[in-house]
Structures are given as structure tokens and as C-alpha cells.
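What follows is the residue order along each chain.
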Amino acid sequence: MAKLQSLFSMRHLLVLSLALNVSLILRMMYDSQLDLFFYKYPRQGQISNLHPQNKPRLLISSSFSNSSSSTCEDHHQPPPKNNNRVINLDHGDPRVYEAFWRETGEKTTIKIAGWQSMSYFSDVSNVCWFLEPEFAEEVVRLHRVVGNAVTEDRHLVVGTGSSQLFLAALYALSPTNSPQPISVVSASPYYSSYPSMTDYQKSGLYKWGGDADKFDISGPYIELVTSPNNPDGFVRRSVLNRSEGLLVHDLAYYWPQYTPISSPSNHDLTLFTLSKTTGHAGMRIGWALVKDKEVAKKMTKFIELNTIGVSKDSQLRAAKVLRAVSDSCKLQGGGESFFQFSHKIMTDRWKQLREAVQRSNGFFSVPTFSPSFCTFFNQNLVPHPAFVWLKCEKNVEDCESFLRGYNILTRSGTHFGVSQQYVRISMLDTDENFMHFLHRLSTINFR
Ligand SMILES: Cc1ncc(COP(=O)(O)O)c(C=O)c1O
């Protein structure tokens, strides 16, 4: 002891105690910061100890919490082992194409000097006065290259995502002199955001009217037609076909990686979004092709009142990305186009998913699709939707809770106007998360 005392003087002990206290304080600060960040969203690992019934619905997306260097080769990595990790496939966050954009490198990098993009205005001669001509040009060019939309005799309206354009369309199509709000309907299963986006402001102009197949009120209405459909991936047409109906076609997924392109779409009002076309959801850019000038003017007015236009920086960046996609389709000999790349990934993911579903011996089922001719790829192809519309077939009433018990977060059919036997699962997450998901499915005991 005397020896020890001589080794550690009082000064040594004080320094040691100070160091321990500092590290303890730093640890506490670190933990409290994390707890602030994870206030609503438990950390991975925390969740796995909860009983399925008590697990919160919203959790941090594992795709955000794990850096992923996504490459095509990742598909062939051995299956991951960590069964406690929460796999969040509730959202359709399109991280799947990151590898392509990483490869593209400088070609899609843009530099905007401090003095640029300063004015509110882009082109005052255009109905949509905040539309950047460069962006408009690339949208038209890409539709021509892909052959998925008629752009002649159309007004182009840009929006902060197609979500803003959706609201602009409801505003523009609603009658102003009606004593009752116009009903907004869509055939179930419908995109889960439509009801809440329609009703959250309790507008006096329009209100959610539910499943179009069950809509029996006479008079005008707005029908939302999503094709291919989110969540189930099927090609759709209007189901009501009444003379007083106004149609909004949401063609977010009418691109060759998801569905065969049959012909150029040719509707009164069509919505597209960069989020699902190229995966750049964070840029928040969407566009509408509008036949009627007055409708385009009213949509523009809505965006003017809402956000006084749309970010010019985003439009310029979007133009560059769209140009890279069109250029990649024109590459002569060698070089994979964006759609070849994305189509290959979706094909591969769906193949692996179907194999996993088959191994469940009828416990799960997914939709089957017939092949049809794709004018873009010039061959017969089957769709590879952005979401899996999965059904729990046996003795499981609530498929979302069942999968949550395995730390797989999905979105229940109830959000899409159908039974909780269904869930929607994103096929657009990172390779890493997708591999974890497949592996997790393989750990489910189906007896
Ligand atoms: C059918 C459909 N429409 C619109 C959107 C919204 O797109 P944006 O990111 O452009 O707002 C989504 C997003 O998931 C969608 O699935």
C-alpha cells in the first residue's frame, strides 16, 4: 500500500479523478443530445426490447442512421446478421439510385455564384412566371426521350414537389361559386397522403370524398388517378367516367424502371415528380403538364400565394440532373443509361423479394403482373413497382403489427383505404436496408 501511495501521489489521484469526471460529464452531454434527437424516435436496439404492441409507430429510418455506400455489387454481399436493427420501409425514400449519381460525379455538380438566382422572376412571358426556361427545356426533352407524356400544347407548371402541385390542382379545379366543397375521390387502395393532404386545412373549396368506387353523390367531383398506382403498382384509369368529373393524373411512377411505357400519356392535368423519376426527393421539384391555360394560371396563382414561386437553385440543379438522364439514354455503345441501371436494380430486387415470399409457403402474398410491351426498352416487360403491396394471408389480422414484431416497419393497408391484412413496403431504400429486410423475412417462423 505504501508502495502504491508512493507511485500515486495525491496530485496523481486528483488528475485521475478530474479526468474521470470530465469524461463522465462529456458522456452525459452526449447521451442527452442523443436523447433530444431521438425524443420521438428510439435508438436502434432500444426498440427491439419492446413488446410488439407497445412499439411506437414512427421510428428513425435505419436508412438515415447508417451510412451506406450503395453499389450494384452490394446485392451480392452476405446477408446481414443484426436482427435487432429496425428496418424502416414505411416511407418511399428513394435512396436506391445513389450509386448511379455517385458515378456520374462532376457531370451533375452545379456551381451557383452568390449573385445568381436572385430575382423572384424567371420568365415573365410564361404563364408560370417562376419557371426556369432551362428546367422547362429539360423536362420536355426527357418526356420526348422516354415517350411517356405528350408535352405539345401543354402549359408547364413547376412546384415544390408534386405535393404542392397536387394542392394547386385542387385549388384550380374547384368551383369558386359552389355552396358545398367539391368531393375529391380516388379508387382504393389510394396513395395514403391524398386524404390528409386534401383535408388538413379544412378548405371550403374541396373535401376528401373517399373511395371512388363507392362514390355515389351526383354533381361535380375531382378524381385522382395514380398510374402505376401507389401502393399496389397496377396501371389505372379513371373509374367513375362521369361527365361532371375533373381528373388529376398522378404519374409519379410512369417511368421505365417501374412499369412498361405503353404510350405517351395525354391527359388534361398530369403530375410528375423528380423524387421518383431520378430519386432526388430532397430537391423538392415536381411539374404539371396542363392543357387548359386558365387552370395553369390558377395553379400558378396558388403557388404564388403559397411560396411566391419555386426555388431557382433547385430548378437549375434539376435541369442538370434531367439533362444527364436524357444524355445517358443517348450514349452510343457502352455506358449504362440511368433507366437501364434503375430497371436492372428494380428487376433484381423484385426477383429476390418474390423468392423470399415464395419461401413463406403462402403466409405472404404479393401482386402478380402480366408483361406488356415497353416502347422505351423495345421489349415485353413486367412492372417492378416502387412498393410491395404485401398481404398476410394466414391468421394474421394486422400485418403491420406482425412485421413490427420483427422490427420491420411498414405502412398498414388502413392508410390506403383497405384492410390491415395489407401493408405497403418500400422497394426504394438503400441496398443495405433492402438486404437486411430480405434477411429478416427469412428469420420469420411461418409455422
Ligand atoms: C403517387 C405519389 N404522388 C406524389 C408524391 C409526392 O411527391 P413529391 O416528393 O414530389 O412531393 C408521392 C410520394 O411518395 C407519390 O407516391
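Below: a short report on this structure. Just so it is clear, the model here is predicted, and its values are computed rather than measured.

## Overview of the overall build of the protein
For the protein, the helix and strand inventory stands at 13 helices and 15 strands. Counting the 447 residues in the protein, one finds 40% classified as buried.

## A short note on the packing of helix α6 (residues 161-173) against helix α9 (residues 293-307)
Relative to each other, α6 and α9 sit at 125 degrees, their axes nearing to 8 Å. In terms of their interaxial angle, α6 and α9 are classed as oblique. Along this stretch, α6 crosses α9, giving a crossing that reads as right-handed. Contacts between α6 and α9 involve Q164, L165, L167, A168, A169, Y171, A172 and L173 from the former and V295, K298, M299, F302, I303 and N306 from the latter.

## A short note on α9
Residues spaced three or four apart along an α-helix face the same direction, because each turn holds 3.6 residues. Here α9 contains 15 residues, and its C-alpha end-to-end distance of 21 Å stays within 8% of the 21 Å for a straight helix at 1.5 Å per residue. Taken together, the buried positions of α9 are occupied by V295, A296, M299, T300, F302 and I303. For α9, the buried positions fall inside an angular range of 155 degrees around the axis, keeping them on one side. Of the residues in α9, the exposed ones pointing more than 90 degrees away from the buried face are K293, E294 and L305. In this structure, the buried side of α9 is in contact with β2 (155-160), α6, β7 (269-273) and β8 (285-290). Phi turns positive, to about 45 degrees, at I308, one or two residues after α9.

## Details of the packing of helix α5 (residues 133-146) against helix α10 (residues 312-329)
The geometry of α5 relative to α10 is characterised by a closest axis approach of 8 Å and an angle of 25 degrees between their N-to-C directions. One finds that α5 runs roughly parallel with respect to α10. As for the relative orientation of α5 and α10, their crossing is left-handed in sense. Side by side, α5 and α10 meet where E134, F135, E138, V139, R141, L142 and V145 of the first sit next to Q315, L316, A318, A319, L322, R323, V325, S326 and C329 of the second. Taken together, the residues that form the contact of α5 with α10 break down as ten nonpolar, two polar and four charged.

## Here's the deal with the site of the ligand
Around the ligand, the surrounding shell holds 13 residues, and the nearest of these are G161, S162, S163, T273 and S275. Broken down by element, the shell around the ligand gets its largest block of residues, three residues, from α6. Residue classes in the shell around the ligand are distributed as three nonpolar, nine polar and one charged.

## Some points on α10
Compared with an ideal rise of 1.5 Å per residue, which puts 18 residues at 26 Å, α10 spans 26 Å between its outermost C-alpha atoms and is within 8% of the ideal. Among all positions of α10, only K312, S314, Q315, R317, A318, A319, V321, L322 and V325 are buried. Check the buried side of α10 and you find it contacts α5, β2, α8 (274-277), β8 and α11 (338-358).

## Thoughts on the environment of L131
Within the secondary structure, L131 sits in the loop between α4 (98-104) and α5. Distance from L131 to Q315, taken between C-alpha atoms, is 8.0 Å for residues 184 residues apart in sequence.

## Regarding the sheet that holds strand β14 (residues 411-412)
Ordered by their spatial adjacency, four strands build an open sheet running β9-β12-β15-β14, and the pairing between neighbours is antiparallel. The open sheet has two free edges, formed respectively by β9 (364-365) and β14, since each of these has just one partner strand. The pairing of strand β12 (residues 387-392) with strand β15 (residues 422-426) spans five bridges and is antiparallel. Pairing of F387 across the sheet is with S426, part of β15.

## Brief notes about the sheet that holds β7
Spatially, the seven strands line up as an open sheet ordered β2-β8-β7-β6-β5-β3-β4, and their pairing is mixed. Of all the strands in the sheet, the pair left with one neighbour each is β2 and β4 (206-211). Between one strand axis and the next, the sheet turns by 25 degrees as a mean value, whatever way the strands run. As paired strands, β2 and β8 are joined by six bridges and run antiparallel to one another. Bridging across to β8, G159 finds its partner in G286. Docked against the sheet, α6 engages β2, β3 (182-186), β4, β5 (221-226), β6 (245-250), β7 and β8, running at close to 120 degrees with respect to β2.

## Re the nonpolar core
Grouped together as the largest cluster of nonpolar side chains are 95 residues, with contacts concentrated most on V157, V158, A169, A288 and M299. Considering every element that reaches this core, the biggest residue donor is α6, with eight residues. When residues of this core are sorted by domain, at least three fall in each of domain 1 (58-100 + 336-442) and domain 2 (117-329). Among residues more than four places away in sequence, those in contact with V158 are C128, F130, L131, F135, I285, W287, V310 and Q315.

Reading the values: rules and limits
Residues numbered from 1 in each chain as written. Predicted model: local features only at pLDDT ≥ 70, side-chain atom pairs only at ≥ 80, totals over all residues. Helix = DSSP H or I, 4+ residues; strand = E, 2+ residues; numbered from the N terminus. Buried ≥ 20, exposed ≤ 12 C-beta atoms within 10 Å, placed from the backbone. Axes fitted to C-alpha atoms, helices over the stretch in contact; angles between N-to-C directions. Parallel < 35°, antiparallel > 145°, perpendicular 65-115°, else oblique. Left-handed = near helix turned anticlockwise from the far one by under 90°. Contact = placed C-beta atoms within 7 Å. Expected span 1.5 Å × (residues − 1). Arc of directions from axis to C-beta. Nonpolar A, V, L, I, M, F, W, Y, C, P; charged D, E, K, R; others polar. Near = placed C-beta within 6 Å. Pairing = 2+ DSSP bridges. Core = buried A, V, L, I, M, F, W, Y, C linked by C-beta atoms within 7 Å. Domains from an automatic or database assignment.

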